Each structure stands twice: as C-alpha cells, then as structure tokens.
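Given next are the chains, with one letter for each unit.
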Amino acid sequence: MHRGDAPAPYDGFADTFAAEAAVSAYNALYDRPTVLALLGDVRGLRVLDAGCGPGLYLEQLAARGAAAIGFDQSEDMVRHARQRLGPGIEVRQHDLDDPLDWLADSAVDLVLATLVIHYARNRIAALRELRRVLVPQGRLILSTSHPTADWLTHGGSYFDADHVDETWSEGMIHRYWRQPLQRWVEEFTAAGFVIEHLVEHRPDPQMAHKHAAQYAKLSREPGFIAFRLAKTATHAPPDH
C-alpha cells in the first residue's frame, strides 16, 4: 500500500486520467511518441514499466513483442492496467520509493519510467534501485517535466528546487518536484547512470489538427524532456 496507508495521488482520479491519457495532447501525441522512439526495438526484451499508470505503455510494449511487467503506486491505476491488459502481463501495486524486493539483480533489459520520477521522495535511491534490476548493458528510458516549462509555469527562479502543486481535472492536486536541469543530471550520475541520449519533446504533427492551441505552444517552448540512461561500469557511489 501507499506509505502511511494514505491514498496514492491518483486514487479516485484514475478513471478520468485513463480516459484523458489515451487521447490527450500531452500524453498520446507528445510523451508516448517521444518515449517509444527512444525505446527502439523491444522484441524479446524484458521491460519493466515503473509507474505504469493505466497500462498504456505496457499495451504498446506487448504489441511490440516485449516481455513486459509493470507497477504503480495507485491501486486504482493497477486495476485499470489489469483490466486493459488481461492476465498475460504482470502488474503490481508498488511505491517507487520502496525497494523492488520482488525483482532480482539484472532482472530486466530495459526500464521505462515516464512522467513519474518527479513524484519520488528520494529520487537517487529510486534510480539506484532501477539500476540494480537492469542487466549490465541495460537502459533506463525516463521522461519528466522540462525544467524550463516548470519555471515558465510557476515563476520564481529557474534554479529553485522544491515541490509545486497544480490542480488537474476534477480537482486532483498534482504535486511534484521541480529542479534545474543540472540537478537532474547530478542525480542521474549519483545513481550510477550516464546520459546516452537526451530529447526535448516535439509535438506529433497530428496534434496540430486535434489540439491546435497545445500544438502551437509546444512547438515554440518545451513541455517535457526525456533521457536514455546507461549504467556506468562502476558501482554508484554512496550518499554523503
């Protein structure tokens, strides 16, 4: 369960989120095309979707021939994913901040972590645990809110590092961590990763017809950023 037996942020809002994410500008026509392109060919690979939500990425992974498993903090999201995917794909309820004690070292070839790392309370510890379950040549594909977008939306200093709150559909409070790009890179390095590829999302051309205002905005300023991270040869240094 969620720590402290409090509901996970998406509990009670999963129905709305699942319906919107399937077709929305930011999810369907912005993040998913970018991340799936970074993943490349996944046929025959073992892929872990960390923070899988309603299973939209898991569905794509399975269709592309991956042996996929996923987890999410939200009981409601897990229910959605299981309904979408059926019994052939394992989906667990699990908090990204907790150890993946149900996965052995080097258990998967790829880890997918889309728009989730900014919810983690201890991002370096969470990243180290994802690194642990990757094979030595494994990759972590990660997307998050672009630091510039956070700054433009919330103001203050670009170099601020703190939590921000946004109100989403049906009154859901979306609370996440913002910080400058340098600090994200420092956390990746502290967790034992190197950046292999960095992509600043660009909107899918279909967005121009379906979501004209969002397309115009995202064509001139960034919303999300994605990374393909590789494990370093040496073990990640301990926290100081």
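Residues numbered from 1 in each chain as written. Predicted model: local features only at pLDDT ≥ 70, side-chain atom pairs only at ≥ 80, totals over all residues. Heavy atoms only, no water.

A. Fine view of the side chain of Asn 27. By the secondary structure assignment, Asn 27 is in helix H2 (residues 25-39). For Asn 27, the side chain forms a polar contact with the side chain of Ser 24, separated by 2.9 Å. Excluding its chain neighbours within four sequence positions, the residues that come into contact with Asn 27 are Phe 17, Ala 21, Arg 32, Pro 33 and Leu 115. (Helix = DSSP H or I, 4+ residues; strand = E, 2+ residues; numbered from the N terminus. Polar contact = N/O pair within 3.5 Å; in protein donor to acceptor, adjacent residues only side chain to side chain. Contact = heavy atoms within 4.5 Å.)

B. Broad picture of the sheet that holds strand S9 (residues 224-231). Spatially, 7 strands are ordered S3-S2-S1-S4-S5-S9-S8 in an open sheet, and the strand pairing comes out mixed. A strand with exactly one partner marks an edge of an open sheet, and here the two such strands are strand S3 (90-93) and strand S8 (193-200). This sheet shows a mean twist of 20 degrees between the axes of neighbouring strands, independent of strand direction. Bridge analysis of strand S4 (residues 108-114) against strand S5 (residues 134-145) gives 6 bridges, and the strand direction is parallel. Residue pairing across strands places Thr 114 opposite Ser 143, the latter belonging to S5. Taken strand by strand, helix H4 (residues 75-85) contacts strand S2 (67-72) and S3, and its axis lies near 170 degrees from that of S3. (Pairing = 2+ DSSP bridges. Axes fitted to C-alpha atoms, helices over the stretch in contact; angles between N-to-C directions.)

C. Molecular detail of the pairing of S3. The sheet contact formed by S2 and S3 spans 4 bridges and is parallel. Paired with Gly 70 across the two strands is Val 91, which belongs to S3.

D. How the structure looks around the packing of aromatic side chains. Evaluated as defined, the whole model comprises 8 aromatic pairs. With a centroid separation of 6.3 Å and an interplanar angle of 35 degrees, the aromatic rings of Trp 184 and Phe 188 are classed as tilted. Of the two residues, Trp 184 and Phe 188 both sit in helix H7 (residues 181-190), 4 residues apart, roughly one turn of that helix. In this pair, the class of Trp 184 matches that of Phe 188, namely buried. Joined through ring pairs, the aromatic side chains of Tyr 26, Tyr 30 and Phe 224 make up one cluster. Cation over ring: Arg 123 sits above Trp 184, and NZ or CZ is 6.0 Å from the ring centre. (Phe/Tyr/Trp six-rings, centres within 6.5 Å; stacked < 30°, edge-to-face > 60°. Buried < 20%, exposed > 50% of the residue type's maximum accessible area, 1.4 Å probe, protein only. Lys NZ or Arg CZ within 6 Å of the ring centre and 35° of its normal.)

Function-wise, these values are silent; they only describe arrangement.
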